[in-house]
Amino acid sequence: MTAAPEGRDPGLQPERTLLAWGRTALVLTVDALLVLRAGLVADRAALTATGGLLAAAACGFLGYGLRRRRRLERPGALPRAVPALPLRILTATVVVAAAGSAGCVLAGR
């Protein structure tokens, strides 16, 4: 991370936030693979489609996290709050991931 402007010490919070975006992308990737596998094994198109959507969302979150990292690494860059739209998308994705995971568990029965 770059040095903070004089009089402001952001601490490690921006770096922790960047790491959280990476962890979110990793967890979504693993969940997407599990949902895809369950959909293919059980021959259920809805689960397979959900897994594909989760994989696309994981790529989107990884890209967003990398973009934020590049922005914060610029000299004199100040961390900004995450806009509401990415947070809403993240919330919807987590709900879809939970539904897809529940579908995987129920598909095994």
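Residues numbered from 1 in each chain as written. Predicted model: local features only at pLDDT ≥ 70, side-chain atom pairs only at ≥ 80, totals over all residues. Heavy atoms only, no water.

### Concerning unusual backbone geometry
- One non-glycine residue with positive phi stands out, namely Asp43, at about 55°.
- As for its placement among the helices and strands, Asp43 is situated in the loop between α1 (13-41) and α2 (45-73).
- The class for Asp43 is exposed, based on a relative accessible area of 70%. (Helix = DSSP H or I, 4+ residues; strand = E, 2+ residues; numbered from the N terminus. Buried < 20%, exposed > 50% of the residue type's maximum accessible area, 1.4 Å probe, protein only.)

### Observations concerning the side chain of Thr50
- Here Thr50 is to be found in helix α2.
- With relative accessibility at 19%, the residue Thr50 sits in the buried group.
- A distance of 2.8 Å separates a polar side-chain atom of Thr50 from the backbone oxygen of Ala46. (Polar contact = N/O pair within 3.5 Å; in protein donor to acceptor, adjacent residues only side chain to side chain.)

### As for a positive patch on the surface
- Taken together, the side chains of Arg67, Arg70, Arg74 and Arg80 define a basic patch exposed on the protein surface.
- Relative to the helices and strands, Arg70 is located in helix α2. (Patch = residues over 30% accessible without salt bridge, like charges linked within 9 Å, V, L, I, M, F, W, Y side chains within 5 Å. Areas by Shrake-Rupley, 256 points an atom, 1.4 Å probe, with all protein chains shown as cover. Salt bridge = Lys/Arg side-chain N within 4 Å of Asp/Glu carboxyl O. Lys, Arg positive; Asp, Glu negative; His and termini not counted. Charge placed at Lys NZ, Arg CZ, Asp CG, Glu CD.)

### Topic: the packing of aromatic side chains
- Summed over the entire model, instances satisfying the criterion amount to 2 aromatic pairs.
- Through a chain of ring-to-ring contacts, three or more aromatic side chains come together here, namely Trp21, Phe61 and Tyr64. (Phe/Tyr/Trp six-rings, centres within 6.5 Å; stacked < 30°, edge-to-face > 60°.)

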